[in-house]
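As a plain string of letters, each chain reads:
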Amino acid sequence: MKEVGIGVIGAGAFGEIHSMVYSELPDAKLVAVADVNAERAREVASRYKAERWYGDWAPLLERKDIDAVSVVTPEGEHRDPAVEAAKAGKHVLVEKPIATSLEDADAMIKAAERNGTKLMVGHILRFAPGYVQIKQAIDSGSLGEPVWAYSRRNGSLAQVKRIGGRVSAIMFLGIHDIDLLLWYVGGEVERVYCESVSKEVGRSFGVPDFSWILMKFKNGALGSVETGWGLPEKWADWKSPSDWGAFAADIEVEVVGTKGAAYLDFPPMMVTGCDGEGFKFPDLIHRPRIHGKTEGAIKLELQHFIDCVKEGKPPLVDGKDGRRALEVALAAEASSASRKPAKLPLA
Ligand SMILES: NC(=O)c1ccc[n+]([C@@H]2O[C@H](COP(=O)([O-])OP(=O)(O)OC[C@H]3O[C@@H](n4cnc5c(N)ncnc54)[C@H](O)[C@@H]3O)[C@@H](O)[C@H]2O)c1
């Protein structure tokens, strides 16, 4: 296989990014884009020179020239396109979280197993160089055994406004950090405790402003995730330069092991500017535009998916990994509601 034929299902904010990056990868060909909003599918398809667009994903899956799809629909609408894609023999990269219920995640995993297709989950931090460096330091043994790990992802009101509170910050943002800590610490989580605070976001969107999650691993280690989207809207609200991107999250990681520790701190991401709009900084990590092309974690992630399809190798983050992160996120939501620790596995 010289070039992998790609279909993108869901052409919203992140579906456009997938379409753009595939259109720039040398061994991928963006063939078609589908979205229930046909006009949006047309717009994204023509912008990134896909041959066709559809207002429904079913005809996209019938195409013989499509080998693999990205499913970039809203979080609760991953199952049907992912399962039907596997039945049509297409490999699937599904955005995070894998789904919003374990039943949906299981159906997707089973469909991929039955049809011999790949199922990769878009846990992008596994491709972000700073995060990968910490993982490699852990794997080298130089930090010893992880004792505790902390990861923060606090976004601004703009994010919850954009998606209208269709899922919690735990599912939208914290799922990245949950997957990260599972990757770093390894092994299973036996107990999750979570407290949330609901103020402005809670009143307007019915989901908490911020949540603090504590994970107790079976091997004794502790994991802690802080996530939310109650930072002021102006936190990262600049319009120019247009390719600086608006990476609207306050981020930090700490990993302490028996022999050493590692730290990651993003803002101000090494480059800062200030003009009439105030202070700003470009995204140098996730999807910086460099000489007219997208680089960074998203390119590494999508290239990894293409390599897996071409070379028949298993993805670095598969359906079962996605399910593990989802189970912890669901446990955190349940604990936040009941104010009691939630035991894993969830019934
Ligand atoms: N990895 C990351 O950093 C990252 C960032 C943003 C979003 N995401 C994930 O990407 C996914 C999409 O998020 P988004 O922000 O692009 O959402 P969005 O609301 O901007 O876009 C979703 C698109 O899907 C379309 N759609 C809805 N139901 C559909 C269906 N059944 N079939 C086809 N199209 C359908 C909508 O019309 C819309 O255009 C989510 O899972 C989200 O969590 C990941």
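Structure shown above.
Described below are features of the structure shown in this document. For every chain, the first residue of the written sequence is number 1, and numbering continues from 1 onward in sequence order. Restriction of local features to residues with pLDDT of at least 70 applies here, the model being predicted, together with a cutoff of 80 or more for giving and counting side-chain atom pairs; totals for whole chains, interfaces and linings are based on all residues.

Thoughts on the sheet that holds strand S3 (residues 52-54)
Logical step 1: At least two DSSP bridges between two strands are needed for those strands to be called paired. Secondary structure counts use DSSP, requiring at least four H or I residues in a row for a helix and at least two E residues in a row for a strand, with both numbered from the N terminus. Here we have six strands laid out as an open sheet, ordered S3-S2-S1-S4-S5-S6, and parallel in their pairing. Strands at the two margins of the open sheet, each flanked by one partner only, are S3 and strand S6 (119-122). Put simply, the sheet's adjacent strands are angled 25° from each other on average, direction ignored.
Logical step 2: Summarising the sheet, strand S1 (residues 4-9) and strand S4 (residues 68-71) pair through four bridges and their orientation is parallel. The residue of S4 that forms the bridge with Gly-7 is Val-69.
Logical step 3: Contacting S1, strand S2 (28-34), S4 and strand S5 (91-95), helix H1 (residues 13-24) crosses the sheet at an angle of about 150° to S2. The convention used is that axes are lines fitted to C-alpha atoms, helices contributing only their stretch in contact, and that angles between N-to-C directions extend from 0 to 180 degrees. Any residue pair is listed as a contact if its two C-beta atoms, each placed from the backbone, are within 7 Å.

Notes on the sheet that holds strand S7 (residues 146-156)
Logical step 1: Strands sit in the order S12-S11-S7-S10-S9-S8-S17 across an open sheet of seven strands; the sheet is mixed. Each edge of the sheet is formed by a strand with only one pairing partner; in this case those strands are strand S12 (261-265) and strand S17 (342-343).
Logical step 2: Judged from the five bridges that link them, strand S11 (residues 249-257) and S12 form a sheet pairing that is antiparallel. Within S12, the residue paired with Glu-254 across the bridge is Tyr-263.
Logical step 3: Here helix H8 (residues 169-185) sits on the sheet and contacts S7, strand S9 (210-217), strand S10 (222-231) and S11; the angle it forms with S10, its principal contact strand, is near 160°.
Logical step 4: Here helix H11 (residues 319-338) sits on the sheet in contact with strand S8 (189-197), S9 and S17, set at roughly 50° to S8.

Quick word on the pairing of S11
Logical step 1: Judged by which residues are buried, S11 turns out to be one-sided: Ala-249, Ile-251, Val-253, Val-255 and Gly-257 face inward and are buried, whereas Asp-250, Glu-252, Glu-254 and Val-256, on the alternate face, are not.
Logical step 2: Relative to S11, S7 runs antiparallel, the two being bridged by nine bridges. Across the sheet, the residue bridging to Pro-146 is Gly-257, located in S11.
Logical step 3: Linking S11 to S12, which pair antiparallel, is a turn of three residues. Each residue is classified by how many other C-beta atoms fall within 10 Å of its C-beta atom, where C-beta atoms are placed from the backbone; a count of 20 or more means buried, 12 or fewer means exposed, and values in between mean partly exposed.

Re the packing of H1 against helix H10 (residues 297-311)
Angle between the axes and distance between the axes are the two parameters that describe a pair of packed helices.
Logical step 1: Remark: H1 packs on H10, axes separated minimally by 10 Å, with the N-to-C direction vectors making an angle of 70°. Considered as vectors, H1 and H10 are oriented roughly perpendicular to each other. Where H1 crosses over H10, the handedness of that crossing is right-handed. Where H1 abuts H10, its residues Ile-17, His-18, Val-21 and Tyr-22 lie against Ile-298, Lys-299 and Leu-302. Convention used here: angles under 35 degrees read as roughly parallel, angles over 145 as roughly antiparallel, angles from 65 to 115 as roughly perpendicular, and any remaining angle as oblique. In a left-handed crossing the near helix is turned counterclockwise from the far helix by less than a right angle, and in a right-handed crossing that turn is clockwise.

Quick look at unusual backbone geometry
Logical step 1: Here the residue pair Lys-96 and Pro-97 is connected by a cis peptide bond, since its omega of -20° sits within 30 degrees of zero.
Logical step 2: Here Pro-97 is to be found in the loop between S5 and helix H5 (102-115).
Logical step 3: Leu-344 connects to Pro-345 through a cis peptide bond whose omega is -5°.
Logical step 4: Residue placement: Pro-345 occurs in the segment after S17.
Logical step 5: Although it is not a glycine, Lys-49 sits at a positive phi angle of roughly 60°.

Re the nonpolar core
What tends to happen in soluble globular proteins is that the nonpolar side chains get buried as a cluster.
Logical step 1: To count as a nonpolar core, a set of buried Ala, Val, Leu, Ile, Met, Phe, Trp, Tyr and Cys residues must be joined through C-beta atoms within 7 Å. With 104 residues, the main nonpolar core has Ile-6, Ala-32, Val-33, Val-92, Met-108 and Ala-329 as its most contacted residues.
Logical step 2: It is H8 that provides the largest number of residues to this core, a total of 13 residues.

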